[in-house]
There are 4 protein chains.
Amino acid sequence: MNAGKTPKGVKTKDRIVESAIKLMNAKGIARTTLVEVCAASGVAQGTFYHYFKSINDILYEILRIEGEELLFFYEIIIDNSPLEKLNKVLNFQMDYYEKKGKAVVAQILGNEFIPLQGDSLIEKLLPIRAFVSGIISEGQETGVFSDRNSAEKDSIVLMALILTYSYMWIRDKTDNPLKEIAGSHINDIIEQLILK
Amino acid sequence: MNAGKTPKGVKTKDRIVESAIKLMNAKGIARTTLVEVCAASGVAQGTFYHYFKSINDILYEILRIEGEELLFFYEIIIDNSPLEKLNKVLNFQMDYYEKKGKAVVAQILGNEFIPLQGDSLIEKLLPIRAFVSGIISEGQETGVFSDRNSAEKDSIVLMALILTYSYMWIRDKTDNPLKEIAGSHINDIIEQLILK
Amino acid sequence: MNAGKTPKGVKTKDRIVESAIKLMNAKGIARTTLVEVCAASGVAQGTFYHYFKSINDILYEILRIEGEELLFFYEIIIDNSPLEKLNKVLNFQMDYYEKKGKAVVAQILGNEFIPLQGDSLIEKLLPIRAFVSGIISEGQETGVFSDRNSAEKDSIVLMALILTYSYMWIRDKTDNPLKEIAGSHINDIIEQLILK
Amino acid sequence: MNAGKTPKGVKTKDRIVESAIKLMNAKGIARTTLVEVCAASGVAQGTFYHYFKSINDILYEILRIEGEELLFFYEIIIDNSPLEKLNKVLNFQMDYYEKKGKAVVAQILGNEFIPLQGDSLIEKLLPIRAFVSGIISEGQETGVFSDRNSAEKDSIVLMALILTYSYMWIRDKTDNPLKEIAGSHINDIIEQLILK
DNA sequence: GATGAATGAGATTTCATTCAT
DNA sequence: AATGAATGAAATCTCATTCAT
């Protein structure tokens, strides 16, 4: 398995990964087959095995990439105040969804529920909540956030709102942006539950 | 498709559905095969097709049954006080999920985002929020609930929590019941946001 | 097998036969299944076996009916002169096709070629050629028809023309009637080959 | 579907097609199963699907091949005299049918009436009539053929005979070759109708 | 007369994987 | 690096038929 070294190889591997992501989003992970991935990326099935040990192997690759993207963002905002960070993370998430579009987000979120390959690797895709929880903790320690509830619980409320408004946004027939639908309510909740 | 007409037929169909749910929860939906379902319910494969058009068809059947059961419940609790009703609905929902099992609930919720075929049948599955919103309105009018936030917003928070805790419960490797994971937090939120 | 005796039974049997004919015309005999026939006629599969011993059994029934229709016509024209009879038979055939319509005739003729259930029962559907041959023989004996060629060969030429013009008529995008397309040519051939 | 690219692949695909034709002629198309075809050609069932999309797909392949072979033949005989050409085309057609076998020819001709899918691919299978008509025209111009009837009408008679004798040959339980059944009659007609 | 339950054999199709080139 | 050949196990689905009611 010393594949994906030459520029051409890298390109091919990328193409396969890309097709795989698209299909997994479209049909759910467990329902995406190797045959389809190869057809979609215009590659022979044999070629697939040149780059990946098995159909499961490609999952790891995909999760690695997603994780990297998120980590990159988290590093950038590390120096802000807790409240700023909180706002930035939540906004980042909504912008991110808006950018990807309703259909894709629907699939991403749907796949959160839809049965996996048995392992919880996908879990790693959404480290946001832990991150948000950390921010709230920090705010509680520095005294700007209320500690009436645990940081964990508060983070769950916020993520829950994002999830639910995303759901409503996806179902929404008009073109109202996600931020507009969710924004003020999230701010209310921050004020009423989290800020001192 | 003239199946499931006689008492015997109904029984057989139920047995198949039951076995299917059990297996899907045990090994995941995508990995549950028709052969296994038939073996588990003790019918020939041909018999399966006497009752269902295809392997996917049984999923729809399962989801359809959900919807019917939920509607039935709503009618029953109509005479309680707003707070009682609120508690009953939320608890019912959690009990219900617990009873169905993680895999099936995952599919139900996942389908909220990824409609399997584009029909709006699934849409009907979650009329709960409107129902909860109605209950809160009623409580605000009778003065037992706070009107700091709109009934709609409050109902969204509650449903968001159910959704999110269900998600966490599905992912949870231990056997902690949903109610235990979500219960106290939901009560906190009712106290802090909704009750006067 | 004492079925189809009561008025209701006759009706049901007719409905099954009718659906079977329609389907066999539409998809070819060998490709028509009992399941489809029952679905099309709105009858349970068990009911089918109330009237027919097997899937093949219905074929006999159908052929018997067709045969009766044709024989009835032949009897009517028995007193005409050979030339009149010849004209009447050929015209009857074309009128018959015109009445059934292009799609149906296409299926009837197509099915003449398309593989059967192994027996040549269908053969009986087209006793016309033998009949035409008989008419020509008669004409040759009474001296009004030429005997340069055998009656059999001449009858083949005529049937071949009907077959081929039917084919062209079916393909024809305009609404020209079959008789108009084929008529004069068939008359030419009768004059040039058959009449003295 | 990247199959049949290497010499080995071509060979395998040919072997499958060949076995299929043989079996279809032996037992009828509708009764020939994929399992048998695979067994007869010595490939795994999976291999079949490497080359064909479905069991029906192979029929199209067979018909497509016909068309190509016919066109190829027409180009070859372009330099002969009209009468020679006429004889060669008609004989070629009959030899060709003989070589393919009754079941396959039945399917080819049946499809003339019942297009399997509505595409006009099949249409191309019978450009013979136009070709024959051209030959007769040429003969009329050079004065070797009679112009009592139009070239078109004469070509129709000839094609009609081929069609009808093919039909009779297909039905014929004995093993009499098509040429023997049709040959002398076609010659008679050429003499009596077409030659000067 | 009619239905629907039930079957089992066999048909088609899918899919992850291995291998020679 | 990439392909296409080939596989075999297992999955889905079809169908004619029997039977109890």
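The structure displayed is predicted, hence computed values, not measured ones.

## A short note on the overall build of chain A
The secondary structure content of chain A amounts to nine helices and zero strands. Of the regular secondary structure in chain A, the N- to C-terminal order runs α-α-α-α-α-α-α-α-α. Across the 196 residues that make up chain A, the buried fraction comes to 47%. By element, 56% of the accessible surface of chain A is carried by carbon and sulfur atoms, the whole surface being about 9,700 Å².

## Overview of the protein's contact with DNA strand E
The local shell around DNA strand E holds 42 residues, among which Asn2(B), His50(B), Thr47(C), Tyr51(C) and Tyr49(D) are the closest. For DNA strand E, the backbone makes up 68% of the atoms found within 4 Å of the protein, where backbone means sugar plus phosphate. Here Thr12(B) contributes a side-chain N or O atom positioned 2.8 Å from a phosphate oxygen of DNA strand E. For the surface near DNA strand E, the elements supplying multiple residues, two or more each, are α2 (34-41) and α3 (45-51) of chain A, α1 (7-27) and α3 (45-51) of chain B, α1 (7-27) and α3 (45-51) of chain C together with α2 (34-41) and α3 (45-51) of chain D.

## Quick word on helix α8 (residues 151-171) of chain C
Because each turn of an α-helix spans 3.6 residues, side chains separated by three or four positions in sequence point in the same direction. With 21 residues, α8(C) should cover 30 Å at 1.5 Å per step; its first-to-last C-alpha distance of 30 Å lies within 8% of that length. Counting buried positions along α8(C) gives 17 out of 21 residues, so the element sits mostly inside the fold.

## Remarks on the protein's contact with DNA strand F
Taken together, 41 residues form the shell around DNA strand F, and within it Thr47(A), His50(A), Tyr51(A), Asn2(D) and His50(D) come nearest. The protein-proximal atoms of DNA strand F, defined as those within 4 Å of the protein, are 70% sugar or phosphate. In this structure, a phosphate oxygen belonging to DNA strand F sits 2.9 Å away from a side-chain N or O atom of Thr47(A). When the residues that make up the surface near DNA strand F are grouped by side-chain class, the tally is 16 nonpolar, 22 polar and three charged.

## Considerations on the environment of Tyr96(A)
Residues and elements named next belong to chain A. Tracing the backbone shows Tyr96 in helix α5 (residues 82-100). With relative accessibility at 14%, the residue Tyr96 sits in the buried group. Separated by 69 residues in the primary sequence, Tyr96 and Lys27 have C-alpha atoms spaced 21 Å apart.

## Examining the pattern of salt bridges
All names here are of chain D. Applying the stated rule across the entire model yields 20 salt bridges over all chains. When the shortest N-O distance is used, the salt bridge between Lys179 and Asp95 registers 2.8 Å. Of this pair, Lys179 sits in helix α9 (residues 178-194) while Asp95 sits in helix α5 (residues 82-100), placing them 84 residues apart in sequence. Take Asp95: its relative accessible area is 38%, and that puts it in the partly exposed class.

## Quick notes on the packing of helix α9 (residues 178-194) of chain C against helix α8 (residues 151-171) of chain D
To describe two helices that pack against each other, one gives the angle between their axes and the distance between the axes. Interaxial distance between α9(C) and α8(D) falls to 12 Å at its minimum, and their mutual angle equals 75°. Comparing the axis directions of α9(C) and α8(D) gives the class roughly perpendicular. Packed against α9(C), whose contacting residues are Ser184(C), His185(C), Asp188(C) and Ile189(C), the element α8(D) presents Lys153(D), Ile156(D) and Val157(D) at the interface. Of the residues that constitute the contact of α9(C) with α8(D), the class distribution is three nonpolar, two polar and two charged.

## Focus: α2(D)
Residues and elements named next belong to chain D. By the burial criterion, the buried members of α2 are Leu34, Val37, Cys38 and Ser41. End-on view of α2: buried residues confined to an arc of 95°, all on one side of the axis. In this fold, the buried residues of α2 make contact with α1 (7-27) and α3. Once α2 finishes, Gly42 follows within two positions and takes phi at roughly 65°, a positive value.

## Remarks on the confidence of the model for chain A
All names here are of chain A. The predicted model of chain A has a mean per-residue pLDDT of 83, with 85% of residues at 70 or higher. Element-level pLDDT for chain A is lowest in helix α6 (residues 102-113), with a mean of 68, against a maximum mean of 95 in α3. When the criterion is pLDDT under 50, residues 115-125 qualifies, and its contacts beyond four places in sequence or with other chains add up to 28 contacts.

## A look at the side chain of Thr32(D)
Residue and element names in this part refer to chain D. Within the secondary structure, Thr32 is located in the loop between α1 and α2. Separated by 3.5 Å, the side chain of Thr32 and the backbone oxygen of Leu23 make a polar contact. Beyond its immediate stretch of four places on either side in the chain, Thr32 contacts Leu23, Met24, Lys27 and Val37.

## A closer look at the environment of Asp57(A)
Residues and elements named next belong to chain A. Tracing the backbone shows Asp57 in helix α4 (residues 57-76). Look past the residues within four positions of Asp57 in its chain and what remains in contact with it is Tyr51 and Phe52. Only 3.3 Å separates the side chain of Asp57 from the backbone nitrogen of Lys53, close enough to count as a polar contact.

## What to know about the side chain of Thr164(D)
Looking at the element boundaries, Thr164(D) is found in helix α8. Relative accessible area serves as the criterion here: at 5%, Thr164(D) is assigned to the buried category. Setting aside residues up to four positions removed in sequence, Thr164(D) forms contacts with Ile156(C), Ala160(C) and Leu163(C).

## As for the packing of aromatic side chains
The full count for this structure, using the stated rule, is 16 aromatic pairs over all chains. The interplanar angle of 70° and the centroid separation of 5.4 Å between the aromatic rings of Phe48(B) and Tyr49(B) together place this pair among those described as edge-to-face. Take Tyr49(B): its relative accessible area is 41%, and that puts it in the partly exposed class. Each residue in the set Phe73(A), Phe92(A), Tyr96(A) and Tyr97(A) is aromatic and connected to the rest through ring pairs, giving one cluster.

## Observations regarding the nonpolar core
As a rule of thumb, soluble globular proteins bury nonpolar side chains together. Among the nonpolar cores identified, the biggest contains 75 residues, and Leu158(C) and Leu158(D) are the most heavily contacted of them. In this structure, Leu158(C) is in contact with Leu86(C), Leu90(C), Val132(C), Ile136(C), Ile186(C), Ile189(C), Ile190(C) and Ile194(C), ignoring residues within four places of it in sequence. In terms of nonpolar packing, the next biggest core, distinct from the first, is built from 74 residues, Ile136(A), Ala160(A), Trp169(A) and Leu70(B) among them.

Parameters and conventions
- Numbering of residues starts from 1 in every chain and runs along the sequence as written.
- Think of it this way: whatever chain is written first is A, whatever ligand is written first is 1, and the rest follow in order.
- In keeping with the predicted nature of the model, local features appear solely for residues at pLDDT of at least 70, side-chain atom pairs appear and are counted solely at 80 or more, and the whole-chain, interface and lining totals rest on all residues.
- In computing side-chain properties, one takes all heavy atoms of the structure into account and sets aside hydrogens as well as water.
- In this text, helices come from DSSP runs of H or I with a minimum length of four residues, and strands from runs of E with a minimum of two, each type numbered from the N-terminal end.
- To sort residues, take the accessible area from a 1.4 Å probe on protein chains only and compare it with the maximum for the residue type: under 20% means buried, over 50% means exposed, and anything in between is partly exposed.
- Under the convention used here, a 1.4 Å probe and the Shrake-Rupley method define accessible areas, while residue burial counts only the protein chains that appear.
- Here a residue is near a molecule or strand as soon as one of its heavy atoms is found within 4 Å of it.
- As used in this structure description, the phrase polar contact means that two N or O atoms lie within 3.5 Å; if the pair is within protein, one of them must be able to donate a hydrogen and the other to accept it, and residues adjacent in sequence are counted only when both atoms belong to side chains.
- Multiply 1.5 Å by the residue count of a helix minus one, and that product is the helix's expected span.
- In this classification, Asp, Glu, Lys and Arg are treated as charged, Ala, Val, Leu, Ile, Met, Phe, Trp, Tyr, Cys and Pro as nonpolar, and every other residue, Gly included, as polar.
- The salt bridge definition used is simple: a Lys or Arg side-chain nitrogen within 4 Å of an Asp or Glu carboxyl oxygen.
- Interaxial angles span 0 to 180 degrees and are taken between N-to-C directions of axes, which are lines fitted to C-alpha atoms, for helices over the stretch in contact.
- Roughly parallel refers to an angle under 35 degrees, roughly antiparallel to one over 145, roughly perpendicular to one between 65 and 115, and oblique to any angle outside these ranges.
- By definition, residues are in contact when any of their heavy atoms lie within 4.5 Å.
- By construction, the arc corresponds to the directions joining the helix axis to the C-beta atoms.
- For every residue, the predictor reports its confidence as pLDDT, a number between 0 and 100.
- Each aromatic pair joins two rings of Phe, Tyr and Trp (for Trp, the six-membered one) with centres within 6.5 Å, and gets the label stacked for planes under 30 degrees apart, edge-to-face for over 60, and tilted for any other angle.
- In this text, buried Ala, Val, Leu, Ile, Met, Phe, Trp, Tyr and Cys residues form a nonpolar core when linked through side-chain atoms within 4.5 Å.

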